[in-house]
Amino acid sequence: LIGIVGWLGFPASTPTIDRLLKDVDVDGTGKLNDREFLVFMRKFRDVQVKMIAEAIAQNDIDNSGTLSGQELANLFEMLGFTIEGAALQEAAQAAGLDPDDEDLDLSELWRLLHVYRQREGLSAKETADIEEVFQKQDKDNVGEISSCDVGRLLRSLGYQIPFDSLQDLVGQVDVDSSGKLDLPEVKKLVRICQES
């Protein structure tokens, strides 16, 4: 489950996942059926909302119940995100928010987090670069590249990853274990490379 929530862009700790798993695993098998998984995800979302509300309270210097755009970077880092360059500002604009707004509330922050996670915390330029290199590697135009092509793609973007490490990284993002990565999985892989 940590892999799934991480793949969805949510930072999560093992104790939180274990506690929620114990709460929703009705039959005690350690595996979740479809209904249990949906309940798990709802409870996980509730934990995320609570965590965001607590982070707002801790970063709300003027005690207004909202955050200013200047307080966003601290909030995101507190939530476990690595902030790179213009990505946060661009995500705010894409979410229809003014990054310099002085009173971002929980609903606006949730919208911003959604966009930021969708973009994997990458700037528009980084995303465009990744998409361009991905299209070159996707010679058959099927929307996926083989794990063998991933090394070339990363080298084209300036990342030199040893083969063994690359295979471990591919395993982290290839959730369906197909041996092929689609564009969202490649973006996740690049984000992981940036953070390491």
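Look a little higher up for the structure.
Think of each chain on its own: its residues are numbered from 1, step by step along the sequence as written. This being a predicted model, a pLDDT of at least 70 is required before a residue's local features are given, and a value of 80 or more before pairs of side-chain atoms are given or counted; all residues contribute to the totals for chains, interfaces and linings. Heavy atoms throughout the structure, all of them, feed into the side-chain values; hydrogens and water do not.

Participant: Please provide a residue-by-residue account of the pattern of salt bridges, values included.
Facilitator: When a carboxyl oxygen of Asp or Glu is within 4 Å of a side-chain nitrogen of Lys or Arg, the pair counts as a salt bridge. Under the criterion given, the structure shown has nine salt bridges. In this structure, Asp129 engages Lys125 in a salt bridge whose closest nitrogen and oxygen atoms are separated by 3.0 Å. Placement of both Asp129 and Lys125 in helix H7 (residues 124-137) is noted, with a separation of four residues, approximately one turn of the helix. Each residue gets one of three labels from its accessible area relative to the maximum for its type: buried under 20%, exposed over 50%, partly exposed in between, using a 1.4 Å probe on protein chains only. On the accessibility criterion, Asp129 (30% relative accessible area) is partly exposed. Put simply, Glu120, Lys188, Arg191 and Glu195 are held in one network by salt bridges that share partners. Numbering goes from the N terminus for both helices and strands, where a helix is a DSSP run of H or I of at least four residues and a strand is a run of E of at least two.

Participant: Explain H7 to me, using residue names and the numbers behind them.
Facilitator: What a helix should span is 1.5 Å times the count of its residues minus one. Spanning 14 residues, H7 covers 20 Å between terminal C-alpha atoms, matching the ideal 20 Å at 1.5 Å per step. Whether two residues touch is decided by their heavy atoms; if any such pair falls within 4.5 Å, the residues are in contact. Of the surrounding secondary structure, the elements contacted by the buried residues of H7 are strand E1 (144-146), helix H8 (147-156), strand E2 (180-182) and helix H10 (183-195).

Participant: Account for the side chain of Asp101, with residues named and values stated.
Facilitator: In this fold, Asp101 is placed in the loop between helix H5 (87-94) and helix H6 (106-118). Charge assignment: positive for Lys and Arg, negative for Asp and Glu; neither His nor the chain ends contribute. Buried charged residue Asp101 carries no salt bridge. Nearest counter-charge: Arg111, at 7.9 Å. Pairs of N or O atoms within 3.5 Å make up the polar contacts considered here, provided that, within protein, one atom can donate a hydrogen while the other can accept it, and that residues adjacent in sequence are counted only when both atoms are side-chain atoms. Here Asp103 takes part through its backbone nitrogen, which lies 3.1 Å from a polar atom of the side chain of Asp101. For Asp101, the residues in contact, after removing those within four places along its chain, are Leu67, Ser68, Gly69 and Glu108.

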